[in-house]
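# Structure assessment
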Amino acid sequence: MANAIEITGLRKEYRDFSLKDISFTLPLGHIMGFVGQNGAGKTTTIRLILNMTARQSGSIQILGQDNILDEQKIKQDIAVVFDDTFFAESWKVSEVEKAIQGFYAKWDSALYHNHVKEFNLPIDKRVKELSRGMKMKLMLAVAMSHEAKLLILDEPTSGIDPVARDELLDILRTYVADGQKSIFFSTHITTDLQKIADYISIIHNGSIVYTGTEKGLSGAFPGVSSIDDILVSISKRSI
Amino acid sequence: MNNILNSIKLDYYILKSADLRRLAIVAFVPLLVGGLSKNPPLILGMSMFIGGFFMSTMFAVVEKNNLNKLYGILPVKKQETVIGRYLFTLICGVAIAALASILAFAVSLVLQVGLDGFTFAAWLSGSFLLFCLIISIQFPLYFKYDFSKLVAFANLPYILIVVAGSYVVKKDPELFAKTLAFFIQNPYTIWILGIVGGLALLAISTFISIALYQTREL
């Protein structure tokens, strides 16, 4: 098993939008930034990876297994952070654990409480009383408490302040430090990526326009210095 | 099996996070109506009726809190989620029935209104059947569609059932009287109809919900 994610020829059609032949690979032990403007297809791709929506064609291998045939096994080994919380607003931080820990065979309660402490989350506060940054940290605490080998983040930094964003990036760096875990990180805030990503995939209007190493970007887009500039030039070209 | 138990536990926390002031209505209104009307078994019927509708609150909580995303990331099959929710609802239904039975007997003692075995059995099994009917119609709809989109139409099937029932009773009152007489002569059939019929409805509804939920995008 050499890849955390391997997507080939993925297609999904909606009435007003479609993903066209999406293909990319994230090797194990690395961080991939998945970049694109709002509405480019980032969240749809993540929903397809998680089998939350049905694809038209293509294949998705997660940690060497098919994402549909082996869905339950895969979901034991992956963790997800969305841009908004997916816990009941009136749950306390302690109740979040009680509600979901049973689903994970490798749930580590001590680790969860360590993360809660490390992230300064008040254990008796309700989800609705947490700030946006704290909600994101709560999702991370859950995500990092069952020995997940792949962490998927969908726009985790949108709407949180720069300090909280830097904290998140530090947490992610620590998470992959052992070389056994991988992170797939979708964002439209590209400054975050240049700090931590080993690989970049750029999606525009449902198509992948670049996938490869972060360092290889300058070769693929000569004369363009940042990911932001690349996105702007792609947008101008398509207009 | 383990994931079904986990789903039941998750549903407990989902229901717990609902506005529990509404749950107080389940306990208080039937008690008030049963007491004032001096008809204690009415406590059973009303509790199960209100309780049946209250259970769909879980779907409202799921929608309001983006919990479909949670279901999308948890290592649980859709059919386990569905079975877990029906079992949890059944447990709640039995608990409501037990509590309402105790209240009905207590009120009958306080008001010194006799409550014979046949009447109690008829109300208990009839109420259970009603509870199961409400769940069996509502749950498949809520597993398929968003709660907020459906809530205005969700009561339509019951209105149709009441209208159709009233029509049958009015058109052929003799048939209704004969049916009633049959149950009085064969009281055990009330249990069969209420308990077995209710469970059968829930089982059929579970299969329908699984089929509908499989195709739903989370």
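Report on the accompanying structure. Quick caveat, the model's predicted, so the values are computed rather than measured. (Residues numbered from 1 in each chain as written. Chains lettered and ligands numbered in written order. Predicted model: local features only at pLDDT ≥ 70, side-chain atom pairs only at ≥ 80, totals over all residues. Heavy atoms only, no water.)

### A few points about the pattern of salt bridges
All names here are of chain A.
- On inspection of all chains with the given rule, the structure shows 17 salt bridges over all chains.
- Across the pair Asp 21 and Arg 11 runs a salt bridge whose closest N-O atoms are separated by 3.2 Å. Separated by ten residues along the polypeptide, Asp 21 in strand β2 (residues 18-27) and Arg 11 in strand β1 (residues 3-13) bring together distant segments of the chain.
- Judged by its relative accessible area of 29%, Arg 11 falls in the partly exposed class.
- With its nearest N and O atoms 2.7 Å apart, the salt bridge here joins Asp 170 to Arg 173. (Salt bridge = Lys/Arg side-chain N within 4 Å of Asp/Glu carboxyl O. Helix = DSSP H or I, 4+ residues; strand = E, 2+ residues; numbered from the N terminus. Buried < 20%, exposed > 50% of the residue type's maximum accessible area, 1.4 Å probe, protein only.)

### Digging into the interface of chain A and chain B
- With 29 residues of chain A at the contact, the number on the chain B side is 23 residues.
- Buried surface at the junction of chain A and chain B, both sides included, amounts to about 2400 Å², of which 57% is carbon and sulfur.
- It is A:Met52, A:Phe86 and A:Phe103 in chain A that bury the most area against chain B; as a group they hold 29% of the surface buried on that side.
- On inspection of chain A and its partner chain B, the count reaches three salt bridges.
- The closest approach of N and O atoms between A:Lys12 and B:Glu217, which form a salt bridge, is 3.1 Å.
- Linking chain A with chain B are twelve residue pairs in polar contact (both at pLDDT 80 or more).
- When contributions to the side of chain A that touches chain B are tallied by element, the ones reaching two or more residues are α2 (71-77) and α3 (93-100) of chain A.
- It is α3(A) that provides the largest number of residues to the side of chain A that touches chain B, a total of four residues.
- Looking at the side of chain A that touches chain B residue by residue, the class counts come to 14 nonpolar, seven polar and eight charged. (Contact = heavy atoms within 4.5 Å. Buried area = accessible area lost by both parts, 1.4 Å probe. Polar contact = N/O pair within 3.5 Å; in protein donor to acceptor, adjacent residues only side chain to side chain. Nonpolar A, V, L, I, M, F, W, Y, C, P; charged D, E, K, R; others polar.)

### Looking at the packing of helix α6 (residues 78-110) of chain B against helix α7 (residues 117-144) of chain B
Residue and element names in this part refer to chain B.
- Their axes nearest at 11 Å, the elements α6 and α7 cross at an angle of 150 degrees. Judged by the angle between their axes, α6 and α7 are roughly antiparallel. Crossing angle aside, the handedness with which α6 passes α7 is right-handed. Facing α6, whose interface residues are Val 82, Arg 85, Tyr 86, Thr 89, Leu 90, Gly 93, Ile 96, Ala 97, Ser 101 and Phe 105, α7 presents Phe 120, Leu 124, Phe 128, Phe 131, Ile 135, Phe 139, Pro 140 and Phe 143.
- Here the contact of α6 with α7 is built from residues that sort into 14 nonpolar, three polar and one charged. (Axes fitted to C-alpha atoms, helices over the stretch in contact; angles between N-to-C directions. Parallel < 35°, antiparallel > 145°, perpendicular 65-115°, else oblique. Left-handed = near helix turned anticlockwise from the far one by under 90°.)

### A few points about the packing of α7(B) against helix α11 (residues 188-214) of chain B
- Close contact between α7(B) and α11(B) brings their axes to 8 Å; oriented N to C, the two are set at 5 degrees. With respect to each other, α7(B) and α11(B) are oriented roughly parallel.

### With respect to the sheet that holds strand β7 (residues 150-154) of chain A
Residue and element names in this part refer to chain A.
- Strands sit in the order β6-β7-β8-β3-β9-β10 across an open sheet of six strands; the sheet is mixed. Each edge of the open sheet is held by one strand with a lone partner, namely β6 (78-81) and β10 (207-213). Taken pair by pair, the neighbouring strands of this sheet meet at an average axis angle of 15 degrees, ignoring direction.
- Across four bridges, the pairing between β6 and β7 is parallel. When the bridges of β7 are listed, Val 80 appears paired with Ile 152.
- Contacts between helix α5 (residues 132-143) and the sheet are confined to β6 and β7, with β6 contributing the most and set at about 175 degrees to the helix. (Pairing = 2+ DSSP bridges.)

### Digging into the environment of B:Ile8
All names here are of chain B.
- The topology assignment puts Ile 8 in helix α1 (residues 2-16).
- A C-alpha to C-alpha distance of 24 Å links Ile 8 and Ser 125, two positions 117 residues apart in sequence.
- The contact partners of Ile 8, leaving out residues within four places of it in the chain, are Gly 84, Leu 87 and Phe 88.

### Looking at the packing of aromatic side chains
- Here the structure, examined in full by the defined rule, presents 19 aromatic pairs over all chains.
- Between the aromatic rings of A:Phe82 and A:Phe86, the centroid separation amounts to 5.8 Å while the plane-to-plane angle is 85 degrees, which identifies the pairing as edge-to-face. Comparing A:Phe82 with A:Phe86 shows no difference in burial state: the two are buried.
- Residues B:Phe59 and B:Phe143 carry aromatic rings whose centres are separated by 5.0 Å and whose planes lie at 90 degrees to one another, so their mutual orientation is edge-to-face. Of this pair, B:Phe59 sits in helix α4 (residues 57-64) while B:Phe143 sits in helix α7, and the two are 84 residues apart along the sequence.
- What makes B:Phe143 buried here is its relative accessible area of 3%.
- Within the aromatic cluster, the residues linked to one another by ring pairs are B:Phe59, B:Tyr86, B:Phe139, B:Tyr142, B:Phe143, B:Phe147 and B:Tyr213.
- Against the face of A:Tyr175 rests A:Lys181, its NZ or CZ located 5.2 Å from the ring centre. (Phe/Tyr/Trp six-rings, centres within 6.5 Å; stacked < 30°, edge-to-face > 60°. Lys NZ or Arg CZ within 6 Å of the ring centre and 35° of its normal.)

### What to know about the pairing of strand β3 (residues 31-35) of chain A
Residues and elements named next belong to chain A.
- Taking burial as the measure, the five residues of β3 include five buried ones, the bulk of the element.
- Here β3 shows a buried face lined by Ile 31, Gly 33 and Val 35 and a second buried face lined by Met 32 and Phe 34.
- The pairing of β3 with strand β9 (residues 199-204) spans four bridges and is classified as parallel. Looking across to β9, one finds that Met 32 is bridged to Tyr 199.

### Observations regarding the nonpolar core
- Ranked by internal contacts, the top residues of the largest apolar core, which has 128 residues, are A:Phe87, A:Trp91 and A:Leu140.
- The element that contributes the greatest number of residues to this core is α7(B), accounting for nine residues.
- Dropping the residues within four chain positions of it, A:Phe87 is found in contact with A:Val96, A:Ile100, A:Val127, A:Leu138, A:Met139, A:Val142, B:Asn65, B:Leu67 and B:Leu70. (Core = buried A, V, L, I, M, F, W, Y, C linked by side-chain atoms within 4.5 Å.)

### Comments concerning helix α3 (residues 41-54) of chain B
Residues and elements named next belong to chain B.
- The first and last C-alpha atoms of α3 sit 20 Å apart over 14 residues, in line with the 20 Å expected at 1.5 Å per residue.
- With ten of its 14 residues buried, α3 lies for the most part within the structure.
- Of the positions making up α3, those classed as buried are Pro 41, Ile 43, Leu 44, Gly 45, Ser 47, Met 48, Ile 50, Gly 51, Gly 52 and Phe 54. (Expected span 1.5 Å × (residues − 1).)

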